[in-house]
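# Coordinate analysis (summary)
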Amino acid sequence: MFVIIGYIIVVGAILGGFLMAGGHIGVLIQPNEVIIIFGGALGAFVVSNNPKVLKAVFGALMSSLKGSKYNQALYLETLTLLYRIFNKIRQNGLLSVEGDIETPDQSELFKSAPKVLADHHAVEFITDYLRLMTSGSLDVHQIDNLMDIDIETHHEEGHLPIQALQRLADGMPAFGIVAAVMGVVHTMESVGLPPAELGKLIAAALVGTFLGILVAYGFISPLAGLLEQRLAESTKYYQSIKAGLIASINGYAPSTAVEFARKAMFSAERPEFSELEKHLKESR
């Protein structure tokens, strides 16, 4: 919703100022300029990205129209799930969660956290490292290092569509210039026309530069910035889960291990200690 509102403000402010200066909207409607700019940009975008990145960009664009899922409700649910897992391990041993790890969609523990269960990557992250914990084949330092590599890979992969969009934004003004130059070429070959007609051709050519810059800095670049923030939220989410798991491996009590995870969260979404404590008591 905020993306749409932001775009409305951008268009409203620019067109409003143009109309206040005495401009006419009709002169901005130049289909040929639009075809040159967006057609050229689309072709370059397809050439510069493999199908995997193109698919990721499409998915990122769809997700940008929704609110961020990394809110306090998700964090409370995640912390509660971790607490229940750690408590079960402390009471019955590591092997007691083996069934929950292998079939999380059938596990009562994971079913109690539907928001987490709906996130395939989060469930995979938790179960993979619980599996390593139960196997006993790696010590805490090796698991810690492996988690860092895993989170870094997740961040790099999530950054690919952002880089693709940012490159597109950087190139849009250049395609606007291309459209403007084509318009100037057309104007120069029409020098025999009356001055009023030549003025319209020059105005049409300048619209190309205007569109390229507007789309780059008013639409695509801000969207890339939003996706960058969403990626940071996603990375921080996994870092908080990691903090809780590592604390549990080191032998801390479930409530203390969950506090490690809580402290790793961004302050805007981090639940208060008293709020988490109350939520954990209600879930017991």
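Please refer to the structure placed before this passage.
Just so you know, these numbers come straight off a predicted model, no measurement behind them.

Rules used in this analysis
Residues numbered from 1 in each chain as written. Predicted model: local features only at pLDDT ≥ 70, side-chain atom pairs only at ≥ 80, totals over all residues. Heavy atoms only, no water. Core = buried A, V, L, I, M, F, W, Y, C linked by side-chain atoms within 4.5 Å. Buried < 20%, exposed > 50% of the residue type's maximum accessible area, 1.4 Å probe, protein only. Helix = DSSP H or I, 4+ residues; strand = E, 2+ residues; numbered from the N terminus. Contact = heavy atoms within 4.5 Å. Phe/Tyr/Trp six-rings, centres within 6.5 Å; stacked < 30°, edge-to-face > 60°. Lys NZ or Arg CZ within 6 Å of the ring centre and 35° of its normal.

## So, the nonpolar core
Core analysis: the largest hydrophobic core is formed by 40 residues, its most contacted members being Ile85, Val116 and Leu245. Elements represented by at least two residues in this core include exactly helix 4 (72-92), helix 6 (108-111), helix 8 (120-135), helix 9 (140-188), helix 10 (195-249), helix 11 (254-263) and helix 12 (273-283). Of the residues forming this core, the biggest block, ten residues, is contributed by helix 4. When sequence neighbours within four positions are dropped, the list of residues in contact with Ile85 reads Val97, Leu109, Phe110, Ile126 and Leu130. Judged by nonpolar contacts, the second largest core, of 22 residues, contains Ile37, Val207, Ala216 and Ala224.

## Details of the packing of aromatic side chains
The way to describe two aromatic rings as a pair is by their centre distance and the angle between their planes. Using the criterion set out here, one finds seven aromatic pairs in the structure. Ring geometry for Tyr75 against Tyr237: centres 5.6 Å apart, planes inclined by 55°, an arrangement best described as tilted. Of this pair, Tyr75 sits in helix 4 while Tyr237 sits in helix 10, placing them 162 residues apart in sequence. Exposure class is identical for Tyr75 and Tyr237. Each is buried. Three or more aromatic residues joined by ring pairs form one cluster here, namely Tyr70, Tyr75, Phe125, Tyr129, Tyr237 and Tyr238. Geometry around Phe266 places Lys236 over its ring, the cationic atom sitting 5.3 Å from the centre.

## Here's the deal with the environment of Ile29
The residue Ile29 is located in the loop between helix 1 (2-20) and helix 2 (31-48) in this model. Look at Ile29 and you get exposed, because its relative accessible area is 58%. Between the alpha carbons of Ile29 and Val207 there is a distance of 8.4 Å; along the sequence they are 178 residues apart.

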